[in-house]
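Descriptive structure summary
What follows is each chain in one-letter form.
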Amino acid sequence: MTFVLFELEQGMKYAFRISPSAIEKYRDCPYAWYLKYILGKQESKSDTTSTDLGSKLHTVAEHMLEGKTVPEELQELIPFVAPGLPFLTVKPEEVAIEDSLEHELNGVSVVGRIDFWTYSPNGILTVGDWKSCKNFSYAKKPNELASGVQPCMYAWLLVATGRCPQPKRIHF
């Protein structure tokens, strides 16, 4: 007996697309993954509000990294973003910001959107993913973030797509 989970429609390149967010959603709650990625159900309103704030914080960070003026309506968020930027000791033109990547692996499209990344001449890959949360007591610790699916997949995607050479060291 053969089961067909996905059939390619005309013009489709891959039967399935997977992202770090989708894998983490499945790991955290398979039922929530099923609702979102199989049934196409939208997130709850409270999740949407958090997502909106995260998007605004990303916009502020992008503008600051690119040396652009932050839009007037988002200026109040600068104090929440600025403390996370000093560790970046590279010039703005050496930072890839909001970089979308896709690579095929055994018929599956692996996708990711990296907030920012740099690759230094001495072989150090730095992959950054802005995080926001309502309460810092819920914030993940650096070791939890670095051992998560998202930064590891981003590093793999960068090498697999040829965007950077195999790094000697990876910083998240």
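Everything that follows concerns the structure shown earlier in this document.
These remarks concern the structure in this document.

Reading the values: the criteria
Residues numbered from 1 in each chain as written. Predicted model: local features only at pLDDT ≥ 70, side-chain atom pairs only at ≥ 80, totals over all residues. Heavy atoms only, no water. Helix = DSSP H or I, 4+ residues; strand = E, 2+ residues; numbered from the N terminus. Buried < 20%, exposed > 50% of the residue type's maximum accessible area, 1.4 Å probe, protein only. Contact = heavy atoms within 4.5 Å. Areas by Shrake-Rupley, 256 points an atom, 1.4 Å probe, with all protein chains shown as cover. Patch = residues over 30% accessible without salt bridge, like charges linked within 9 Å, V, L, I, M, F, W, Y side chains within 5 Å. Salt bridge = Lys/Arg side-chain N within 4 Å of Asp/Glu carboxyl O. Pairing = 2+ DSSP bridges.

**Overview of the overall build of the chain**
Looking only at helices and strands, one finds 6 helices and 5 strands in the chain. Within the span of the chain, comprising 172 residues, buried residues form 31% of the whole. Across the chain, every contact between residues at least 6 apart in sequence was considered, and the portion connecting residues at least 24 apart equals 51%. Carbon and sulfur atoms make up 56% of the accessible area of the chain, which totals about 11800 Å².

**Description of a nonpolar patch on the surface**
On the surface, a cluster of nonpolar side chains totalling about 490 Å² of accessible area is made up of Tyr31, Tyr34, Tyr37, Ile38 and Leu39. Along the polypeptide, tyrosine 37 turns up in helix α2 (residues 30–38).

**Considerations on the pattern of salt bridges**
Under the definition given, this model contains 3 salt bridges. Taking the shortest distance from any N to any O, the salt bridge between glutamate 98 and arginine 113 comes out at 2.6 Å. Here the residue glutamate 98 occupies a position in strand β2 (residues 96–105), and arginine 113 occupies one in strand β3 (residues 108–119), the gap between them amounting to 15 residues. Notably, a salt bridge pairs aspartate 99 with arginine 163, separated by 2.9 Å at the nearest N-O pair. On the criterion of sequence distance, the pair formed by aspartate 99 in strand β2 and arginine 163 in the loop between α6 (149–160) and β5 (169–171) is long-range, its members being 64 residues apart.

**Re the pairing of β2**
Looking at chain direction, β2 and β3 are connected through 9 bridges and run antiparallel. Bridging from a neighbouring strand, histidine 103 pairs with valine 110 of β3. What sits between β2 and β3 in their antiparallel hairpin is a turn of 2 residues, with asparagine 106 showing a positive phi close to 50 degrees.

**Some remarks on the environment of tyrosine 154**
Its location among the elements puts tyrosine 154 in helix α6. Contacts of tyrosine 154, omitting those with residues within four sequence positions, involve Pro20, Gly112, Arg113, Ile114, Val127 and Asp129.

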